[in-house]
Amino acid sequence: MAYDDQNIFAKILRGEIPCNKVYEDEYALAFHDIAPQAPVHVLVIPKGSYVSMADFSATGSPDEIAGYFRAIGIVARQLGLDEPGYRLIANHGRDAHQEVPHLHFHIFGGRSMKGMVPKPAES
Ligand code: 5GP
């Protein structure tokens, strides 16, 4: 799948659309999800143009991959989630119902999250 530079997170990265930023460095930007599904729901995106883990893991540079994953850990720590815990989710493609075609990890925290995988979707 080709990268669509008109996707909403590309616009956020370019500053064309505002976000509630929590962290930024050379490799990543993190901001609060617009429709939070947990008391803490933050999205961490790489600065490079990657649709999902499929292309990021295949073509991301070692520096980009290391920088991005380090940023996810930093953000979770800065949110105070290291001790109580948190969940990471990155959706890729149709079965995972990925909505925004720019790689993002969701960080969920602030409550207990029992159950690993959601039930089958109706559509
Ligand atoms: P996905 O299903 O692609 O893994 O998740 C996309 C996430 O992006 C959803 O949780 C959705 O609420 C969030 N989202 C969609 N549009 C915006 C936006 O304009 N700003 C922010 N902050 N989050 C968004």
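Heads up: the structure comes first, above all this text.
Quantities reported herein were computed from a predicted structural model and do not represent experimental measurements. (Residues numbered from 1 in each chain as written. Predicted model: local features only at pLDDT ≥ 70, side-chain atom pairs only at ≥ 80, totals over all residues. Heavy atoms only, no water.)

Draft legend 1. Structural context of the packing of aromatic side chains. With the rule as written, the count across this model stands at six aromatic pairs. Summarising the aromatic geometry, the rings of Tyr68 and Phe105 are spaced 6.1 Å apart at their centres and angled 65 degrees between planes, so their arrangement reads as edge-to-face. Placement of Tyr68 in helix 3 (residues 62-78) and of Phe105 in strand 5 (residues 105-109) is noted, with a sequence separation of 37 residues between them. Neither Tyr68 nor Phe105 differs from the other in exposure class; each is buried. Ring pairs connect the aromatic residues Tyr50, Phe56, Tyr68, Phe69 and Phe105, which therefore count as one cluster. (Phe/Tyr/Trp six-rings, centres within 6.5 Å; stacked < 30°, edge-to-face > 60°. Helix = DSSP H or I, 4+ residues; strand = E, 2+ residues; numbered from the N terminus. Buried < 20%, exposed > 50% of the residue type's maximum accessible area, 1.4 Å probe, protein only.)

Draft legend 2. Fine view of the nonpolar core. With 17 residues, the main nonpolar core has Ala30, Val44, Tyr68, Ile72, Val75, Leu103 and Ile107 as its most contacted residues. Those elements giving two or more residues to this core turn out to be strand 2 (28-32), strand 3 (40-46), helix 3 and strand 5. A total of five residues in this core trace back to one element, the largest contributor, which is helix 3. Core analysis: the second largest hydrophobic core is formed by seven residues, Phe9, Phe31, Ile45 and Val100 among them. (Core = buried A, V, L, I, M, F, W, Y, C linked by side-chain atoms within 4.5 Å.)

Draft legend 3. The arrangement of the site of the ligand in detail. Around the ligand sit 17 residues, and of these Asp33, Asn91, Glu99, His104 and His106 come closest. Interatomic distance of 3.3 Å between a backbone N/O atom of His97 and an oxygen atom of the ligand. Taking 520 Å² as the accessible area of the ligand by itself, protein coverage stands at 86%. Among the elements of the structure, helix 1 (8-13), strand 2 and strand 3 are those that each provide at least two residues to the shell around the ligand. Per element, the largest residue contribution to the shell around the ligand is three residues, and it comes from helix 1. Looking at the shell around the ligand, its residues break down into eight nonpolar, seven polar and two charged. (Near = heavy atom within 4 Å. Polar contact = N/O pair within 3.5 Å; in protein donor to acceptor, adjacent residues only side chain to side chain. Areas by Shrake-Rupley, 256 points an atom, 1.4 Å probe, with all protein chains shown as cover. Nonpolar A, V, L, I, M, F, W, Y, C, P; charged D, E, K, R; others polar.)

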